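What follows is the residue order along each chain.
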Amino acid sequence: MTGRLRLPVAWSAPGFPRLAGAWVATNLGDSALYLMIAVWVKELTGSDVAAGFVFVALGVPAILAPFIGMMADRMPRRRLLVINNATLVPVLLTLLLVSGPGQLWLVYAVVVIYSAAGYVTASAQSGIIRAMLRDDQLASGNGMLSTIDNALRLVSPLIGTALYVWLGAPAVIVLTAACFAVAAVVVAGLPVGAAKPEREPGRGYFRELAAGFEQLFAPQSLRVVTIAVAIGFGATGLLNIVVFPALDAMQADPAAIGVLVPIQGAGAVIGGLLSATLVTRWGEGRTAALGLLLVAAGSVPFAFGSVIAGGIGMFVLGLGIPPTVVAFATLRQRLTPDALQGRTGAAGNVVINLPQTLASVLGAGLLAVVDFRVLIWVSVVAVVLGAATALLARRTAPVLPAVA
């Protein structure tokens, strides 16, 4: 039947539906808890600074990423994912002991562990995906996981907020812990990742630790896309700083961000659905370039002080992020040996997150002396530069057309 709905190519790979199910459980809990903790801390302490430190705690484990990546390359990855998800259950439930500002240290400690666990999942899952999928299935698999992630970012915060308002923080904590328990059970049945990756002999400890970064810059195409993503996503760190000044210029209440973020999420869901087709037809370099151009285009409307323009910009910006991420992840997985998948996956996360954090810090300082519109235009120019860089990537071993 010609009108029959066709599942993504990756869905036919043994174990991928189970992996996708675990990803649904993980992201459902993650998105429900993420914003709630900061709101909870604000209510417990009455302090914006204390609430802001929740996001600092979330960023701290980035310095551990190389060690986490090496762990993912030294242990059976399926076992590591099971242990990681199962360990989060009691860790998260300790938040039930928090009753006031006196236990704030426990909240921060749990957030650091929780964030570090996210790096473990990303590193181990990268190797499992590569072992599970053929070259012609990688873009489809990464695109589907990206779509799940972004779709749940639309729904889960609403679920978390509703539970928080209705039943309080304990309800969200228990829901999140239950989601990770389900993920641990589902992951335990994966058909791949049961054996340790083969180690590469002859390298010292520190070179082994840095091997993921070394791999990112070894093949020409991966090196170019890595640099492009670091430039493009790093520049978007400036946008994080100008959000509230831009809303002031639009004469919009800061709460309007609660409307704009779901609009971005809707664009990201569509971008995730289109990512596999774009990578298959255009290759990773061109797809990353297109994604970054969309991010740049989506940033421009914030310089013009219109809520409607801002909503359109958020949608376009959301549309551009998944193709860039999927192209980068697919190329990285495709060109990386199994023994380095964990470390290269962790290094890739650092390449995306660290420049963005540094740009946010720089932007916060510059905002005191320059108009926010200047930062927007600097970000746009830098993201376009990233897109131009991605176009320089050679298309090596192109992804094969999907088999029907």
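An account of the accompanying structure is given in this report. (Residues numbered from 1 in each chain as written. Predicted model: local features only at pLDDT ≥ 70, side-chain atom pairs only at ≥ 80, totals over all residues. Heavy atoms only, no water.)

Across all of its chains, the model carries 3 aromatic pairs by this definition. Taking 6.3 Å as the distance between ring centres and 80° as the angle between the ring planes, the aromatic pair formed by tryptophan 11 and phenylalanine 16 counts as edge-to-face. We classify phenylalanine 16 as buried; its relative accessible area is 0%. Sitting above the plane of the phenylalanine 328 ring, arginine 332 keeps its charged end 5.9 Å from the centroid. (Phe/Tyr/Trp six-rings, centres within 6.5 Å; stacked < 30°, edge-to-face > 60°. Buried < 20%, exposed > 50% of the residue type's maximum accessible area, 1.4 Å probe, protein only. Lys NZ or Arg CZ within 6 Å of the ring centre and 35° of its normal.)

What follows concerns the packing of helix H10 (residues 220-235) against helix H13 (residues 284-299). Axis separation between H10 and H13 bottoms out at 11 Å; the angle between their running directions is 10°. The orientation of H10 relative to H13 falls into the category roughly parallel. The residues of H13 that touch H10, namely those facing Val225, Ala228, Gly232 and Phe233, are Gly285, Ala288 and Leu292. A breakdown of the residues in the contact of H10 with H13 according to their chemical character gives 5 nonpolar, 2 polar and no charged. (Axes fitted to C-alpha atoms, helices over the stretch in contact; angles between N-to-C directions. Helix = DSSP H or I, 4+ residues; strand = E, 2+ residues; numbered from the N terminus. Parallel < 35°, antiparallel > 145°, perpendicular 65-115°, else oblique. Contact = heavy atoms within 4.5 Å. Nonpolar A, V, L, I, M, F, W, Y, C, P; charged D, E, K, R; others polar.)

What follows concerns the pattern of salt bridges. Across all of its chains, the model carries 10 salt bridges by this definition. Taking the shortest distance from any N to any O, the salt bridge between arginine 74 and glutamate 208 comes out at 2.7 Å. Of this pair, arginine 74 sits in the loop between helix H3 (65-72) and helix H4 (77-93) while glutamate 208 sits in helix H8 (residues 205-209), and the two are 134 residues apart along the sequence. Since its relative accessible area comes to 18%, arginine 74 is described here as buried. Three or more residues joined by partner-sharing salt bridges are found here, namely Asp73, Arg74, Arg77, Glu208, Asp338 and Arg343. (Salt bridge = Lys/Arg side-chain N within 4 Å of Asp/Glu carboxyl O.)

With 19 residues, helix H16 (residues 372-390) should reach 27 Å at 1.5 Å per residue; the first-to-last C-alpha distance of 27 Å fits that figure. Residues of H16 that are buried include every one of Phe372, Leu375, Ile376, Ser379, Val380, Val383, Gly386, Ala387, Thr389 and Ala390, and no others. At the N-terminal boundary of H16, the capping side chain belongs to aspartate 371, with an oxygen 2.9 Å from the backbone nitrogen of arginine 373. (Expected span 1.5 Å × (residues − 1). Polar contact = N/O pair within 3.5 Å; in protein donor to acceptor, adjacent residues only side chain to side chain.)

It is worth spelling out a nonpolar patch on the surface at this point. On the surface, Val49, Phe53, Val56, Val60, Ile63, Leu64, Phe67, Tyr205 and Phe206 cluster together into a nonpolar patch covering about 930 Å² of accessible area. Among the elements of the structure, helix H2 (48-59) and H8 are those that each provide at least two residues to the nonpolar patch. The element best represented in the nonpolar patch is H2, accounting for 3 residues. Mapping valine 60 onto the fold places it in the loop between H2 and H3. (Patch = residues over 30% accessible without salt bridge, like charges linked within 9 Å, V, L, I, M, F, W, Y side chains within 5 Å. Areas by Shrake-Rupley, 256 points an atom, 1.4 Å probe, with all protein chains shown as cover.)

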